[in-house]
Amino acid sequence: MTTTLRPEGPEEAGADGGRTRRWRIMVNGRPVGGLRTSATPARGGTRVGSIAELEVREGHRRGRATVGALAAEEVLRSWGCGRIDVTVPADAEPALRLARALGYTETMRNLAKRLDDQPPPLPTELTHRPIGPAEYPAWRDASVAAYRERLTAAGATPAEAAERAAHDHHRALPAGPATPDTALRHLLDPDGRVLGSLWVALRQDVLPDGRLLAWVMLVEVAPEHRGRGHGRTLMHLAEHACRAAGVRDLGLNVFSDNTPALALYDSLGYRPTRRVLAKPLL
């Protein structure tokens, strides 16, 4: 039997000027499932594609999802993509097995937590303050540089990492410290020295049941102050900011090779919700 892809409709404009299209998975001319291919604009010389909404109807599987995914890779290769990202629900074991069998490697995890009624106490000897207009430029430059380094470590080219870091940061904080529904904080020691910083988007998304989801965009401890529990304190501070804003669900991204951060978030009660896997197109 012959398995092919057939367009389900016209190509559409994707986010930020990208492109996307929905496809039917056909077996001998009959639809048995579908998927969607999308591609971002090329930034730093690399166009990144994604495969989503992959499904094959019960009774028609027998490797059709594998063939459909491989055909989608060819579509994305023809669109000029140098890498493909796929996002899989953390509990979707068949989808995870398929992605790994096709050569995808986990690069990032999405974690989330339902916050307790009472946020954890903060250390009395430490203080915190908003990052205001005077401090913001230096904090922004350091944050973009750190994000650029993490993207490069995760496999992005230096040019791609630089372009994406600057773009994502500006999109998330278009008005700097005055961006609505944003918490920017410095954590200070008793002498007023900055130990680390926190950035939380307080209304990042809406969950299917209508609850608001906040998102930790950045938690960073200064290198000379690491290993002293300040990352935990900053995460507790994030929970306080959420509670003050009336938000009870908090999520974040973490790179899969960041073992210390994964251990910290697990100890704080954060659990995986989605896994992001990537594959280079040679």
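Conventions adopted
Residues numbered from 1 in each chain as written. Predicted model: local features only at pLDDT ≥ 70, side-chain atom pairs only at ≥ 80, totals over all residues. Heavy atoms only, no water. Buried < 20%, exposed > 50% of the residue type's maximum accessible area, 1.4 Å probe, protein only. Helix = DSSP H or I, 4+ residues; strand = E, 2+ residues; numbered from the N terminus. Pairing = 2+ DSSP bridges. Core = buried A, V, L, I, M, F, W, Y, C linked by side-chain atoms within 4.5 Å. Contact = heavy atoms within 4.5 Å. Phe/Tyr/Trp six-rings, centres within 6.5 Å; stacked < 30°, edge-to-face > 60°. Arc of directions from axis to C-beta. Axes fitted to C-alpha atoms, helices over the stretch in contact; angles between N-to-C directions. Parallel < 35°, antiparallel > 145°, perpendicular 65-115°, else oblique. Left-handed = near helix turned anticlockwise from the far one by under 90°. Right-handed = clockwise from strand over helix to strand, strands pointing away. Salt bridge = Lys/Arg side-chain N within 4 Å of Asp/Glu carboxyl O.

> Kindly report on the pairing of strand β12 (residues 249-255), identifying the contributing residues and their values.
Burial analysis of β12 places six of its seven residues in the buried class, which makes it a mostly covered element. As defined by bridge partners, strand β7 (residues 105-114) adjoins β12 across seven bridges and the pair is classed as antiparallel. Residue pairing across strands places Arg109 opposite Val254, the latter belonging to β12. Where strand β11 (residues 212-221) lies against β12, four bridges are found, and the strand directions are parallel. Paired with Trp215 across the bridge in β12 is Gly251.

> I'd love a proper account of the nonpolar core, names of residues and values included.
Within the largest apolar cluster, 29 residues are counted, with the highest numbers of intra-cluster contacts made by Val200, Val216, Cys242, Leu250, Leu252, Tyr265 and Tyr270. Those elements that place two or more of their residues in this core are β9 (182-188), β10 (194-206), β11, α5 (230-244), β12 and α6 (259-267). The element contributing the most residues to this core is α5, with six residues. Excluding residues within four positions of it along the chain, Val216 makes contact with Leu198, Trp199, Val200, Met235, Ala238, Leu250, Gly251 and Leu252. The next biggest cluster of nonpolar side chains, apart from the first, holds 26 residues, and it includes Trp23, Ile25, Leu76 and Leu96.

> Summarise the packing of aromatic side chains; cite the residues concerned and give the values.
Under the counting rule described, the total for this entry stands at three aromatic pairs. Ring centres 5.8 Å apart and planes at 40 degrees place the aromatic pair Tyr136 and Trp139 in the tilted group. Separated by three residues within a single helix, Tyr136 and Trp139 lie in helix α3 (residues 136-153), roughly one turn from each other. Relative accessible area serves as the criterion here: at 7%, Trp139 is assigned to the buried category.

> Provide a residue-level description of unusual backbone geometry, including the pertinent values.
Notably, Asn28 is not glycine yet its phi reads approximately 50 degrees, a positive angle. Position of Asn28 relative to the elements: it lies in the loop between β3 (19-27) and β4 (30-39). For Asp181, which is not a glycine, the phi torsion comes out positive at approximately 55 degrees. Mapped onto the secondary structure, Asp181 falls in the loop between α4 (158-172) and β9.

> Residue-level account of helix α2 (residues 93-101), with values.
Inspection of α2 places Leu96, Leu98 and Ala99 among the buried residues, and these make up the whole buried set. Projected down its long axis, α2 carries its buried residues within an arc of 160 degrees, all on one side. In this structure, α2 carries Pro94, Arg97 and Ala101 as exposed residues pointing more than 90 degrees from its buried face. Buried residues along α2 sit in contact with β5 (47-56), α1 (64-78), β6 (81-89) and β13 (271-280). One or two steps after α2, the chain reaches Gly103, where phi turns positive at roughly 95 degrees.

> How would you summarise the packing of α3 against α4 if you had to cite specific residues and measurements?
Orientation of α3 relative to α4, taken along the N-to-C sense of each, is 140 degrees, at an axis distance of 8 Å. With respect to their mutual orientation, α3 and α4 come out oblique. When you trace α3 past α4, the crossing you get is right-handed. Across the interface between the two elements, Tyr136, Trp139, Arg140, Ser143, Val144, Tyr147, Arg148, Leu151 and Thr152 from α3 touch Pro158, Ala161, Ala162, Arg164, Ala165, Ala166, Asp168 and His169 from α4.

> With reference to specific residues and values, describe the pairing of β5.
As paired strands, β4 and β5 are joined by six bridges and run antiparallel to one another. Counterpart to Ala39 in the pairing with β5 is Gly49. Bridging between β5 and β6 involves four bridges; their strand directions are parallel. Paired with Arg47 across the bridge in β6 is Cys81. With α1 bridging β5 and its parallel neighbour β6, the resulting β-α-β unit is right-handed.

> Could you give me a rundown of the environment of Arg274, with the residues and numbers involved?
If you trace the backbone, Arg274 turns up in strand β13. Measuring from C-alpha to C-alpha, the distance between Arg274 and Leu35 comes to 18 Å, with 239 residues separating the pair along the chain. Not counting the four nearest positions on each side in its chain, Arg274 is found in contact with Thr87, Val88, Pro89, Ala90, Arg109 and Asn110.

> With reference to specific residues and values, describe the pattern of salt bridges.
Opposite charge on two side chains makes pairing possible when the charged atoms of those side chains draw close. Enumeration according to the criterion identifies 28 salt bridges in this entry. For Glu106, the salt bridge identified is with Arg100, shortest N-O distance 4.0 Å. Looking at Glu106, the relative accessible area reads 18%, which means it is buried. Note that Arg140 is salt-bridged to Asp141, the shortest N-O span being 3.2 Å. In this structure Asp141 comes out as partly exposed when scored by relative accessible area, which is 47%. Here the salt bridges share partners, and the residues they tie into one network are Glu8, Arg22, Arg24, Arg36, Glu53 and Glu55.

Keep in mind these numbers describe shape, not what the thing actually does.
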